[in-house]
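Structural features, examined
Here are the chains, one letter per residue:
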Amino acid sequence: MTNSENPYIVRKDNPAHKRLLKRKAKEVRFQSYGIISIAIASLFLLTLLTTIVTEGTGAFFKTEIKLSILFDEEIIAPNGDTSIEALAKINYVKIVRNSLKELFPDVKKRKELRRLYGLMSNASELKVRAMVEADPSIIGTRSEIWLPASSDIDMLMKGNISRDIEEKLRRVKDNQIAWVDKIALEGNLRCKFNTEFFTNGDSREPEQAGILGAMIGSFFVILVCIGVAMPLGVGTAIYLQEFAPKNKFTDIIEVNINNLAAVPSIVYGLLGLAVFLNFFGMPRSSAMVGGFALSLLVLPTIVITTRNALAAVPPSIRDAAIGLGASPMQTVMHHVVPLAMPGIMTGVILSIARAIGETAPLLMIGMVAFVADVPSSISDPSTALPVQIYLWFDSPEIGFKEKTSAAIMVLLAFLIVANAVAVYLRNKFERKW
Amino acid sequence: MVMAKNKSDNKDNKIRFETRDLNVFYGDKQALFDVNLQILENNVTSLIGPSGCGKSTFLKCLNRMNDMVSICRIDGQIILDGHNIYDKNVDVVLLREKVGMVFQKPNPFPKSIYENVAYGPKIHGIASNKDDFDEIVENSLKKAGLWKEVKDRLNDSAIGLSGGQQQRLCIARTIAINPEVVLMDEPCSALDPIATAIIEDLIDELKENFTIVIVTHSMQQAARISDRTAFFHMGKIVETGKTGDIFTNPKLKQTQDYITGRFG
């Protein structure tokens, strides 16, 4: 033990002091750059999410008005015929309108009546029709039913249409506001969870528009995309990585695959249009063609990630199998591919997640069409989530604004689920060697 | 050649492998020059020499592992039991069934211990039912001296074993297909002295049934376990003969310098 100073504590008089200080400052500076960039990135993300959530949450709720509906026999079954065919021909709009007129008997002028009728959504007469068709015995009775309000009223109640602006510039007129306020005061107005948003297809009326058509469309597109791109991509990668001879030809293929990964997605849409629609004559706007076009888009990525995953399998495993007398095919299928599986799955799922959000190729092959029906097969005309977002964003009605954000939330949920599955699979299959 | 007394009496041992003017090229670079070597049955033949001298290349030629290297080209003949293994019609799968290999780094498959040993018999169709497999796995592990340690956890991952156990598992895996020759490429270089001693004892036992060729960097190991030794330098065989002779009475000064540690 000596009582000399600890040589590892740098004192100011030490010649190394300045140099060490500088080195340390450099390190601190570098780390702070990193922290600052993370903070900025988080801020952007937070802004994005907050905007989307605050704008979109409204779409998950809708305004309903309770009306006393008289299932008037004279309107519904003037000849007493209550067969399904006869009921289907009836115009139920009158029933809802009569109920509104009863509620506000003072409104007489035509222009004013039109405004009064404007309180309710078209969907309300559809609901009345459905009730009658489900149970014709209610004809002639009266009951209190919650019916959906029109989009304008919905927007007014959610505060998306301001009461403060001049009446001339406002879609909802003063007397409409007065009526709604009166209804609300009597407790006949409520805000309810909008299940229709998840069970309806697209609609021209914002309050009736739902995301189900786009969700099913996206689901079919992805199904086709996985079905085509995964076997093709993984197979290509296995052959190129494990079996193909190394020569000029395979070099050219490799360079081209890498280049294809960088081709703008809209080009794949044009290719899909030319090949699948014009040449093969597949059904326009269908999820099948969308899936094919997207599988072209993700193929290069799947090939590249799969090759990397295969290349990451240690050569010692190959040696072991070959040394035991396994054929190249057995070596690859029994040992290399199973070991590369987590990497392959991650690559495939992340590529597919990219495909879910891809819009441009789908525009080219006609999936941008307005499709109100929920598609029931891959050859039906359909739309997809990102295209639906684009369509709603493009619509002039203010009611579609919140739908757009809500659709983005659904798409994000899709992506989060896909990524979570990717992480789960990677961890599940991950083996150490 | 007159055989003097040795660890095992190899007077009657017949020649298993014989290489005739073996030249190996990696691209433009020649790795082996006119190598002529005989490997006797039920003998341990050790290949020694400084790094890069071609001993591993030579070993890999014996079961054609070099086929995996696309730039590798081979001239000359390797005769196994009277047949050239580089004949055009030779099926490497059958060759490797007869000539097994244990690698420098233990490389068990990331599967269970049982599956590791059963894999070879499975792909070669040696066993068909569960009982046969069980028997092969047990016998192989017993021969490799690993049975007692792992018999209660055959379904555990082989990756959980220690390095020495993994290497013995690799040996068990190799002998499970009942090869005639076992090639070992520095099998103890990644192991501690205790595990090395176990493997060396094992090699000594295995030579009852197998012909063993081992590449080693340890002079002591070569002296301890091998019957015959070949000293490689710069891609050529400098000296070959019985281990006792090479280590106690080398003919060439170069050999003497190497084994006494003066170069290499």
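Residues numbered from 1 in each chain as written. Chains lettered and ligands numbered in written order. Predicted model: local features only at pLDDT ≥ 70, side-chain atom pairs only at ≥ 80, totals over all residues. Heavy atoms only, no water.

A closer look at the overall build of chain B
- Tallying secondary structure elements over chain B gives ten helices and ten strands in all.
- Against the globule reference of 18 Å for 264 residues, chain B gives a C-alpha radius of gyration of 18 Å, in line with a compact fold.
- The principal-axis extent of the C-alpha atoms belonging to chain B is close to 55 × 40 × 35 Å.
- Relative to all contacts within chain B whose residues are 6 or more apart in sequence, the contacts with residues 24 or more apart total 69%. (Helix = DSSP H or I, 4+ residues; strand = E, 2+ residues; numbered from the N terminus. Rg over C-alpha atoms; globule rule 2.2 N^0.38 Å. Contact = heavy atoms within 4.5 Å.)

Some points on the domain arrangement of chain A
Residues and elements named next belong to chain A.
- For chain A, the assigned domains read domain 1 (60–201) and domain 2 (212–429).
- Look at where the C-alpha atoms of domain 1 and domain 2 centre, and you get two points 45 Å apart.
- Listed by partner, the interface residues are 13 residues for domain 1 and 13 residues for domain 2.
- Across the domain 1/domain 2 interface, buried area totals approximately 990 Å², and carbon plus sulfur atoms make up 66% of it. (Domains from an automatic or database assignment. Buried area = accessible area lost by both parts, 1.4 Å probe.)

As for the packing of aromatic side chains
- In total, this model carries 14 aromatic pairs over all chains according to the counting rule given.
- With a centroid separation of 5.6 Å and an interplanar angle of 0 degrees, the aromatic rings of Phe60 of chain A and Phe198 of chain A are classed as stacked. Residue Phe60 of chain A is located in the loop between helix H1 (16–56) and strand E1 (61–70), and its partner Phe198 of chain A is located in helix H9 (residues 196–199); the two are separated by 138 residues in the primary sequence.
- Overall, the relative accessible area of 13% leaves Phe60 of chain A in the buried class.
- Here Phe231 of chain B and Tyr258 of chain B contribute two aromatic rings whose centre-to-centre distance is 4.9 Å and whose plane-to-plane angle is 20 degrees, an arrangement assigned as stacked. Of this pair, Phe231 of chain B sits in strand E9 (residues 228–233) while Tyr258 of chain B sits in helix H10 (residues 253–259), and the two are 27 residues apart along the sequence. (Phe/Tyr/Trp six-rings, centres within 6.5 Å; stacked < 30°, edge-to-face > 60°. Buried < 20%, exposed > 50% of the residue type's maximum accessible area, 1.4 Å probe, protein only.)

Section: the environment of Asn129 of chain B
Residue and element names in this part refer to chain B.
- Looking at the element boundaries, Asn129 is found in the loop between helix H3 (113–123) and helix H4 (130–143).
- Residues Asn129 and Gln77, 52 residues apart in the sequence, show an inter-C-alpha distance of 39 Å.
- There is a polar contact of 2.9 Å between the side chain of Asn129 and the backbone nitrogen of Asp132. (Polar contact = N/O pair within 3.5 Å; in protein donor to acceptor, adjacent residues only side chain to side chain.)

Here's the deal with the sheet that holds strand E10 (residues 236–242) of chain B
All names here are of chain B.
- Taken in spatial order, the six strands make up an open sheet running E6-E7-E8-E3-E9-E10, and their pairing is mixed. At either margin of the open sheet sits one strand with a lone partner, and together these are strand E6 (99–102) and E10. Each strand axis lies, on average, 15 degrees off the axis of its neighbour in the sheet, ignoring direction.
- Pairing analysis gives four bridges linking strand E3 (residues 44–48) to strand E8 (residues 211–215), with the strands arranged parallel. (Pairing = 2+ DSSP bridges. Axes fitted to C-alpha atoms, helices over the stretch in contact; angles between N-to-C directions.)

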